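Chains, contacts and geometry: an overview
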Amino acid sequence: GAVVSQHPSRVICKSGTSVKIECRSLDFQATTMFWYRQFPKKSLMLMATSNEGSKATYEQGVEKDKFLINHASLTLSTLTVTSAHPEDSSFYICSARQGANTGELFFGEGSRLTVL
Amino acid sequence: GESVGLHLPTLSVQEGDNSIINCAYSNSASDYFIWYKQESGKGPQFIIDIRSNMDKRQGQRVTVLLNKTVKHLSLQIAATQPGDSAVYFCAEIPHFSGGYNKLIFGAGTRLAVHP
């Protein structure tokens, strides 16, 4: 199956700093990628849809200025958590869709962010 | 919609038994459903999918049943193995039409397989 890679898998940062998480589709091109957030023992919550070459579409309640998304190429989307605070600590997961006629998404391994 | 506020329910089964994991979805207009398996610290893995024009679909050791009348989805795992221990999520896509629409995850169920 298709492979989606996230980096870093774990990151610890100080409050007030910014952190960038990368999501790459390794063996396919993805015009659309998705960013999810997951709290411990909870479900995945869609944050935004990342579109190559255009602005991301954010879900209601997600701060655009807080979570900056850039889809620079057909194989790379980045999520930057700006001015991070402890409440931003979470598991961030990206996914990408392969193919034009299937809803199957391939997920990255996730990135665990801890803000001290 | 997204699930918030509740801890994951747990289903405990003996190795070799069949497991049934249930899911109630929220949007009657959803027409495509997927089951995912998530192991600790990892991203979700695709298990099986089903479109709304079907009631049942079978894969290897897994079967998905869809009851649109009561908006209910179930995942059956035959001869459950220790490696099946994980959290299982159902997900729905409203108005799937061959293009992409956003994927909404259900609450999730933790499956614990005991030897």
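Residues numbered from 1 in each chain as written. Chains lettered and ligands numbered in written order. Predicted model: local features only at pLDDT ≥ 70, side-chain atom pairs only at ≥ 80, totals over all residues. Heavy atoms only, no water.

**Description of the packing of aromatic side chains**
A ring pair, where both rings are aromatic, is described by two values, the distance of the centres and the angle of the planes. Residues and elements named next belong to chain B. Scanning the model with the defined rule gives ten aromatic pairs over all chains in all. An angle of 40° between the planes, with centres 5.5 Å apart, marks the rings of Tyr36 and Phe105 as tilted. Taken together, the residues span a long stretch of sequence, with Tyr36 in strand S3 (residues 30-38) and Phe105 in strand S9 (residues 104-105) at a distance of 69 residues. Pair check on accessibility: Tyr36 and Phe105 agree, each one buried. (Phe/Tyr/Trp six-rings, centres within 6.5 Å; stacked < 30°, edge-to-face > 60°. Helix = DSSP H or I, 4+ residues; strand = E, 2+ residues; numbered from the N terminus. Buried < 20%, exposed > 50% of the residue type's maximum accessible area, 1.4 Å probe, protein only.)

**Section: the pattern of salt bridges**
Residues and elements named next belong to chain B. Overall, the coordinates contain seven salt bridges over all chains when judged by the stated rule. The shortest N-O distance in the salt bridge between Asp55 and Lys68 comes to 3.4 Å. A residue pair is termed long-range when its members are at least 10 positions apart, and Asp55 in the loop between strand S4 (45-51) and strand S5 (56-58) and Lys68 in the loop between strand S6 (62-67) and strand S7 (72-77) qualify at 13 residues. Note on Asp55: relative accessible area 52%, which makes it exposed. Each of Lys37, Glu39 and Lys42 takes part in salt bridges that share partners, so that together they form one network. (Salt bridge = Lys/Arg side-chain N within 4 Å of Asp/Glu carboxyl O.)

**Some details on the state of the cysteines**
Within the structure shown, the criterion is met by two disulfides over all chains. Between the sulfur atoms of Cys23(A) and its disulfide mate Cys94(A) the distance is 2.0 Å. Here Cys23(A) and Cys94(A) share a disulfide; its torsion about the S-S bond, 80°, makes the bridge right-handed. One end of the pair, Cys23(A), is in strand S3 (residues 19-25); the other, Cys94(A), is in strand S9 (residues 90-97), and 71 residues separate them in sequence. Judged on exposure class, the residue Cys23(A) and its partner Cys94(A) are both buried. What pairs with Cys23(B) in a disulfide is Cys90(B), and their sulfur atoms sit 1.6 Å apart. Here Cys23(B) is found in strand S2 (residues 19-24), whereas its partner Cys90(B) is found in strand S8 (residues 86-94), with 67 residues between them in sequence. (Disulfide = S-S within 2.5 Å.)

**A closer look at the side chain of Arg37(A)**
Residues and elements named next belong to chain A. Inspection of the secondary structure puts Arg37 in strand S4 (residues 32-38). A polar contact is formed between the side chain of Arg37 and the backbone oxygen of Glu87, at a distance of 2.6 Å. With near-sequence residues (within four places) excluded, Arg37 lies in contact with Ser43, Leu44, Met45, Met47, Phe67, Glu87, Asp88, Ser89, Ser90, Phe91 and Tyr92. (Polar contact = N/O pair within 3.5 Å; in protein donor to acceptor, adjacent residues only side chain to side chain. Contact = heavy atoms within 4.5 Å.)

**Some thoughts on the pairing of strand S10 (residues 109-114) of chain B**
Residues and elements named next belong to chain B. Here strand S1 (residues 10-14) pairs with S10 via five bridges, running parallel. What sits directly across from Val13, in S10, is Val113. Here three bridges tie S8 to S10, and the two strands are oriented antiparallel to one another. Within S10, the position partnered with Ala86 by the bridge is Leu111. (Pairing = 2+ DSSP bridges.)

**As for the environment of Pro9(B)**
Residue and element names in this part refer to chain B. With respect to the secondary-structure elements, Pro9 resides in the segment before S1. On the accessibility criterion, Pro9 (44% relative accessible area) is partly exposed. Separated by ten residues in sequence, Pro9 and Ser19 have C-alpha atoms that sit 14 Å apart. In contact with Pro9, other than residues within four places in its own chain, are Gly108, Thr109 and Arg110.

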